[in-house]
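# Structural features, examined
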Amino acid sequence: MSDSTTNHPTLAELRHTAAHVLAYAVQDLFPEAKPTIGPAIENGFYYDFDRAKPFTPEDLERLTARMREIVAANYPMTGEQVTRAHAIERFAGNPYKAEIAREIPEGEPITLYTIGEFTDLCRGGHAHTTGAIGGSTLTSVAGAYWRGKETNPMLQRIYGTAFPTQAELDAYLVQLAEAHKRDHRKLGVELDLFTVEEEAGGGLIFWHPKGATVRGIIENFIRDGLRDRGYQPVVTPHIVSEKLYEISGHLQNYQANMFGPIEVEEQRFRLKPMNCPGHILIFKSRLHSYRELPIRYSEFGTVYRYERSGVLHGLTRVRGFTQDDAHLFCTPEQLQFEFEQTLDEALRLMEAFGFTDFEYFLSTRSAAERGETDPIAEDAIRRALESHHLPYQIDEGGGAFYGPKLDINVRDAIGRKWQLGTVQVDFVLPGRFGLKYRAADGHDHTPVMIHRALAGSMERFFGILVEHFGGAFPAWLAPVQAVVVPIGETQLEYARDVAERLRPHGFRIEVDESNEKLGYKIRHWKTQKVPYVLVVGKQEMADGSVNVNERGSETKRTVTVDEFAQELRQKTETRAS
RNA sequence: GCCGUUGUAGCUCAGUGGUAGAGCACCUCAUUGGUAAUGAGGAGGUCACGGGUUCAAUCCCCGUCAACGGCUCCA
């Protein structure tokens, strides 16, 4: 790094500078706390301190006030290069800093940076002065292990964020509030979509009628795609003999994520953590000719994986979930085409659900796991990405234990990233299970497998959709598409009649039979984010119409029931947003 | 699992060492109201659970459980 401080700092440099400012403030107010490391991160920065007592929210307030003074003082950030011996001596009272100084490779410069009365061992990359920080705030405290290792001492981590201007900080805080409003856990309760029940245990999802309705629509969409691309449905058990997972390698490679054994009549069973072994057994149950390939088995397969209680989170990190899973068995020659078809289908799915911003990761197996087929598998993935002109990043060692994979991440409506689909190439499991097909040469050959889940898990996909749409599902997805609201009791029969005329079209229609005033009823359904409220009063009853109050629109219009049906049909068929 | 925070009505939250409150939601009655909250009444709580201190604990202390924020970001 040639220039370690700059007049036009990047956001990361600015935030790294803010981390120094925080450490300075901590040095002033809590001199006993030992600073360790404090990098910039995606949405701000943190700094870890070794201190016996945790920081309280009041401590954060005091620190924020002190940081403001340090920023206002506009201290210049000055750097100096020192010898290793000097650095180690300088931080003799701080074993963490001393450890870092000792570990800096020979030949790399060791630098100290100072603002005001605070000097830190630091690689550099800062704003020129503390005054460059226009807006900064501390957000939370958390425990964190030194260097992320559970066996190391726990430090106190303070999180914060910083921006060049106060206005940008304010905008960020507004975005945080927006994210909070869209939180699928909150909307899940408010819109009666799903719950996690304490009596049942964490990480297990109860889908209420409205959530299950949306899930059904998503599943139908996926099923249509599977049918069109020649997949066959299969169904496999949730619990099978442990022996199956010995053969597959899951017991050796995946045990930490599996629920423990269940013993029945001296046989050990396991809840399935993945669907592939089951699908493999179906493939293996009889001989296959090369003429049958590719064989594509699909299943909405529910799997159970052990996750530590502390990491469970709403619908996005759970212990039981259903994958839109499928396994393709093909010849090596067919691999490339099948992989590309799968990628096409993944893109069709995500675009239909309103995602436009994607990131692709090619995850390879770790050096220890790699075999001679890995380059072939990786090449298939790379060629598929390149033929689609899709940019991608490489995640080394992030692959499945049986092979490399392509992961697709999306950005939602407020810019957050989520991992959705995964497509994996597997030369390993077919061999382990002794899978064969009879080739044109009359000999048996081992097929190649593709594992793929495009939505990933129904739970996670649904949770992401809830946040993406902020609970306001487009008409084709909404659990209730329209509510017929009579103004007074005398229109109730007519309202029911309207609903009965719409339902045969397959529309999801409710009638508001409550004894409330019109304004109340409108408000209720608006807060429930129903796409259409159909108001019917004397006039509408007289001419067989409905007054359409559409979500997101101020204008009302009166149309016949048939006209409305046509409009809703059109929106549903085109999956209009 | 580990660190921190929080557990009071279905939800959001007040509150006190002397047996518990509001708003919304729910139920009943009146009202039949033309586009985001009609009025009145009612029901609803082992104050997360277990132990301790105290004449007395929802409140203080200890433990357990759960939820939430983190525990990947490397001077």
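Our structure's up above, just so we're on the same page.
A quick note: this is a predicted structure, and the numbers were derived from the prediction, not measured.

### Structural notes on the nonpolar core
- In terms of nonpolar packing, the biggest core is built from 63 residues, with Ile218, Phe353, Phe355, Phe462, Phe473 and Leu477 touching the most fellow members.
- In terms of residue count, the dominant contributor to this core is helix α11 (residues 335-352) (8 residues).
- Residues contacting Ile218, with those up to four places away along its chain left out, are Phe353, Met458, Phe461, Phe462, Leu465 and Leu477.

### Thoughts on the packing of aromatic side chains
- Enumeration according to the criterion identifies 20 aromatic pairs in this entry.
- Judged by centre distance (5.7 Å) and plane angle (45 degrees), the ring pair of Tyr24 and Tyr75 falls under tilted. Highlighted residues: Tyr24 in helix α1 (residues 11-29) and Tyr75 in the loop between α2 (57-73) and β5 (78-82), separated in sequence by 51 residues.
- Taking relative accessible area as the criterion, Tyr24 reaches 3% and is therefore assigned buried.
- Taking the relative accessible area as the measure of exposure, Tyr75 reaches 24% and is therefore partly exposed.
- Between Phe221 and Phe353 the ring centres are 5.3 Å apart and the planes differ by 75 degrees, which places this aromatic pair in the edge-to-face class. Placement of the pair is Phe221 in helix α7 (residues 209-228) and Phe353 in the loop between α11 and β19 (357-363), with a sequence separation of 132 residues. Side by side, Phe221 and Phe353 carry an identical accessibility label, which is buried.
- Taken together, Phe30, Tyr47, Phe49 and Phe55 form an aromatic cluster joined through their ring pairs.
- Here Arg66 stacks its cationic end above the ring of Tyr24, 5.6 Å away from the centre of that ring.
- Here the basic side chain of Arg575 rests over the ring of Trp476, its NZ or CZ set 5.6 Å away from the ring centre.

### Some points on the environment of Gln491
- Structurally, Gln491 is set in the loop between β26 (482-486) and α15 (492-502).
- A relative accessible area of 3% means that Gln491 is categorised as buried.
- The spatial distance from the C-alpha of Gln491 to the C-alpha of Val318 is 46 Å, given a sequence separation of 173 residues.
- Setting aside residues up to four positions removed in sequence, Gln491 forms contacts with Pro486, Val536, Gly537, Lys538 and Met541.
- Within the local environment of Gln491, its side chain forms a polar contact with the backbone nitrogen of Ile487, the two atoms lying 3.4 Å apart.
- For Gln491, the side chain forms a polar contact with the side chain of Thr490, separated by 2.8 Å.

### Quick look at the packing of α7 against α11
- With their axes 11 Å apart at the nearest point, α7 and α11 run at an angle of 155 degrees to one another. Judged by the inter-axis angle, α7 sits roughly antiparallel to α11. The handedness of the crossing between α7 and α11 comes out as right-handed. On the side of α7, the interface is formed by Phe221, Ile222 and Gly225, while α11 contributes Glu345, Arg348, Leu349 and Ala352.

### Some details on the packing of α11 against helix α12 (residues 374-387)
- Look at α11 against α12: their axes get within 9 Å of each other, and the N-to-C directions meet at 50 degrees. Here α11 is positioned oblique relative to α12, judged by the angle of their axes. Handedness of the crossing formed by α11 with α12: right-handed. The residues of α12 that touch α11, namely those facing Leu335, Gln336, Phe339, Glu340 and Leu343, are Asp379, Ala380, Ile381, Arg383, Ala384, Leu385 and Ser387.

### Regarding the protein's contact with RNA strand B
- Taken together, 53 residues lie near RNA strand B, and Cys122, Ser309, Ile487, Asn515 and Asn547 sit nearest.
- Counting only the atoms of RNA strand B within 4 Å of the protein, the fraction contributed by sugar and phosphate is 43%.
- Side-chain polar atom of Arg523 to a base nitrogen of RNA strand B: 2.6 Å apart, as the coordinates give it.
- For the surface near RNA strand B, the elements supplying multiple residues, two or more each, are α4 (95-103), β6 (110-115), β9 (135-145), β10 (154-163), α16 (518-527), α17 (538-543) and β29 (545-550).
- No other element matches α16, which puts 7 residues into the surface near RNA strand B.
- Here the surface near RNA strand B is built from residues that sort into 22 nonpolar, 16 polar and 15 charged.

### A short note on the pairing of β29
- Most of β29 sits out of view: 6 of its 6 residues are buried.
- As defined by bridge partners, strand β28 (residues 532-536) adjoins β29 across 4 bridges and the pair is classed as antiparallel. If you follow Val535 over to β29, its bridge partner there is Asn547.
- Once β29 ends, the chain turns through 5 residues before running back antiparallel as strand β30 (residues 556-560), passing Gly552 with a positive phi of about 85 degrees.

### Side note on the sheet that holds β6
- The strand order across the open sheet built from 3 strands is β5-β6-β7, with neighbouring strands paired in antiparallel fashion. Edge strands, defined here as strands with exactly one partner in the open sheet, are β5 and β7 (118-121). Strand-to-strand twist in this sheet, taken as the mean axis angle between neighbours without regard to direction, amounts to 25 degrees.
- Here β6 pairs with β7 via 4 bridges, running antiparallel. Each bridged residue has a counterpart across the sheet, and for Ile115 the counterpart in β7 is Phe118.
- Strands in contact with α1 are β6 and β7; relative to β7, the strand with the most contacts, it is inclined by about 125 degrees.

What counts and what doesn't
Residues numbered from 1 in each chain as written. Chains lettered and ligands numbered in written order. Predicted model: local features only at pLDDT ≥ 70, side-chain atom pairs only at ≥ 80, totals over all residues. Heavy atoms only, no water. Core = buried A, V, L, I, M, F, W, Y, C linked by side-chain atoms within 4.5 Å. Buried < 20%, exposed > 50% of the residue type's maximum accessible area, 1.4 Å probe, protein only. Helix = DSSP H or I, 4+ residues; strand = E, 2+ residues; numbered from the N terminus. Contact = heavy atoms within 4.5 Å. Phe/Tyr/Trp six-rings, centres within 6.5 Å; stacked < 30°, edge-to-face > 60°. Lys NZ or Arg CZ within 6 Å of the ring centre and 35° of its normal. Polar contact = N/O pair within 3.5 Å; in protein donor to acceptor, adjacent residues only side chain to side chain. Axes fitted to C-alpha atoms, helices over the stretch in contact; angles between N-to-C directions. Parallel < 35°, antiparallel > 145°, perpendicular 65-115°, else oblique. Left-handed = near helix turned anticlockwise from the far one by under 90°. Near = heavy atom within 4 Å. Nonpolar A, V, L, I, M, F, W, Y, C, P; charged D, E, K, R; others polar. Pairing = 2+ DSSP bridges.

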